[in-house]
Amino acid sequence: MHELSIAMSILDIVRDACAEEGCSRVEKVRVRIGKASGIMADSLLFSFDCARSGAAAGATLEIEEVPVGGHCRDCASDFTVEEKYVLECPLCGGPAFTIDSGHELEVVDLEVDD
Ligand SMILES: [Zn+2]
């Protein structure tokens, strides 16, 4: 399962950050996940709850979903869409666009109790 390995990597990052800063308990882990990353937020939450241990044993995962967005060279506009993919510029229907966001997977912040 894809999300379980992602949960494990997030916990690795948390563990390293904790060791570095000498904190004993993590309250909350904030992550940003792009809609185009293919990661299911619900599955990730479930996997995180199953995999958490050590300093992160009582931590909750807070997921911020980042919409898919891009820039169109035809109409020179920035756009975001509700879908997980973009086939054409939602504003002018043109094909000359680049995708700038929606593939994120990053740990933004840790809330610790020390
Ligand atoms: Zn356009």
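Scroll up to find the structure.
Given the structure is predicted, the values throughout are model-derived calculations rather than measurements.

Asker: In this structure, what is going on with the overall build of the protein? I would like to understand it.
Answerer: The helix and strand tally for the protein stands at two helices and six strands. Taking 13 Å as the expected radius of gyration for a compact globule of 114 residues, we find that the protein reaches 17 Å, considerably beyond that expectation. Principal-axis analysis of the C-alpha atoms places the extent of the protein at approximately 50 × 30 × 15 Å. Counting every position in the protein, which comprises 114 residues, the buried fraction comes to 32%. Accessible area of the protein: about 6,700 Å², with a carbon and sulfur share of 49%. Seen as two clouds, the 9 positive and the 23 negative side-chain charges of the protein have centres 3 Å apart.

Asker: Would you take a moment to explain the sheet that holds strand β5 (residues 97-101) for this structure?
Answerer: The strands that make up a sheet are held in pairs by hydrogen bonds between backbone atoms, and each pair lies either parallel or antiparallel. Judged by pairing direction, the sheet is antiparallel, and its three strands sit side by side in the order β4-β3-β5 without closing on themselves. In this open sheet, the two edge strands, each paired with only one partner strand, are β4 (78-81) and β5. Averaged over all pairs of adjacent strands, the angle between their axes in this sheet comes to 35 degrees, without regard to strand direction. As paired elements, strand β3 (residues 68-72) and β5 share four bridges and run antiparallel to each other. From the neighbouring strand, Gly69 faces β5, where its bridge partner is Ser101.

Asker: What exactly am I supposed to notice about the pairing of β4 here?
Answerer: Consecutive residues of a regular strand have side chains that alternate between opposite faces of the sheet. Where burial is concerned, the two faces of β4 differ: the one with Phe79 and Val81 is buried and the one with Asp78 and Thr80 is not. Relative to β4, β3 runs antiparallel, the two being bridged by four bridges. Looking at the pairing, Gly69 lines up with Thr80 of β4.

Asker: Honestly, the side chain of Glu104 in this entry has me stumped. Any pointers?
Answerer: You can see Glu104 is positioned in the loop between β5 and β6 (105-113). One buried charged residue, Glu104, remains without a salt bridge, the closest side chain of opposite sign being Arg32 at 4.3 Å. Engagement of the side chain of Glu104 in a polar contact is seen with the backbone nitrogen of Gly102, the distance being 2.8 Å. Beyond its immediate stretch of four places on either side in the chain, Glu104 contacts Arg32, Ile33, Gly34, Ser37 and Val66.

Asker: Which parts of the structure should I look at to understand the coordination of the zinc ion?
Answerer: Six octahedral donors at a metal ideally form angles of 90 or 180 degrees, and four tetrahedral donors ideally form angles of 109.5 degrees. Note on the zinc ion: its protein donors are Cys72 (SG), Cys75 (SG), Cys89 (SG) and Cys92 (SG). The metal-donor distances range over 2.3 Å. Geometry at the zinc ion is tetrahedral, judged from the four donor atoms that bind it and their angles of 105 to 113 degrees at the metal. Between consecutive donor residues of the zinc ion, the sequence gaps follow C-x2-C-x13-C-x2-C. Separated by 14 residues along the polypeptide, Cys75 in the loop between β3 and β4 and Cys89 in the loop between β4 and β5 bring together distant segments of the chain.

Asker: Is there a simple way to explain the environment of Ala57 in this structure?
Answerer: If you trace the backbone, Ala57 turns up in the loop between α2 (41-51) and β2 (60-66). In this structure, the C-alpha to C-alpha distance between Ala57 and Glu27, residues 30 residues apart in sequence, is 9.0 Å.

Calculation notes
- Residues numbered from 1 in each chain as written.
- Predicted model: local features only at pLDDT ≥ 70, side-chain atom pairs only at ≥ 80, totals over all residues.
- Heavy atoms only, no water.
- Helix = DSSP H or I, 4+ residues; strand = E, 2+ residues; numbered from the N terminus.
- Rg over C-alpha atoms; globule rule 2.2 N^0.38 Å.
- Buried < 20%, exposed > 50% of the residue type's maximum accessible area, 1.4 Å probe, protein only.
- Areas by Shrake-Rupley, 256 points an atom, 1.4 Å probe, with all protein chains shown as cover.
- Lys, Arg positive; Asp, Glu negative; His and termini not counted.
- Charge placed at Lys NZ, Arg CZ, Asp CG, Glu CD.
- Pairing = 2+ DSSP bridges.
- Axes fitted to C-alpha atoms, helices over the stretch in contact; angles between N-to-C directions.
- Salt bridge = Lys/Arg side-chain N within 4 Å of Asp/Glu carboxyl O.
- Polar contact = N/O pair within 3.5 Å; in protein donor to acceptor, adjacent residues only side chain to side chain.
- Contact = heavy atoms within 4.5 Å.
- Donors = N, O, S within 2.8 Å, 3.2 Å for Na, K, Ca; no water.
- Tetrahedral: all angles 85-135°; square planar, octahedral: opposite > 155°, others 65-115°.

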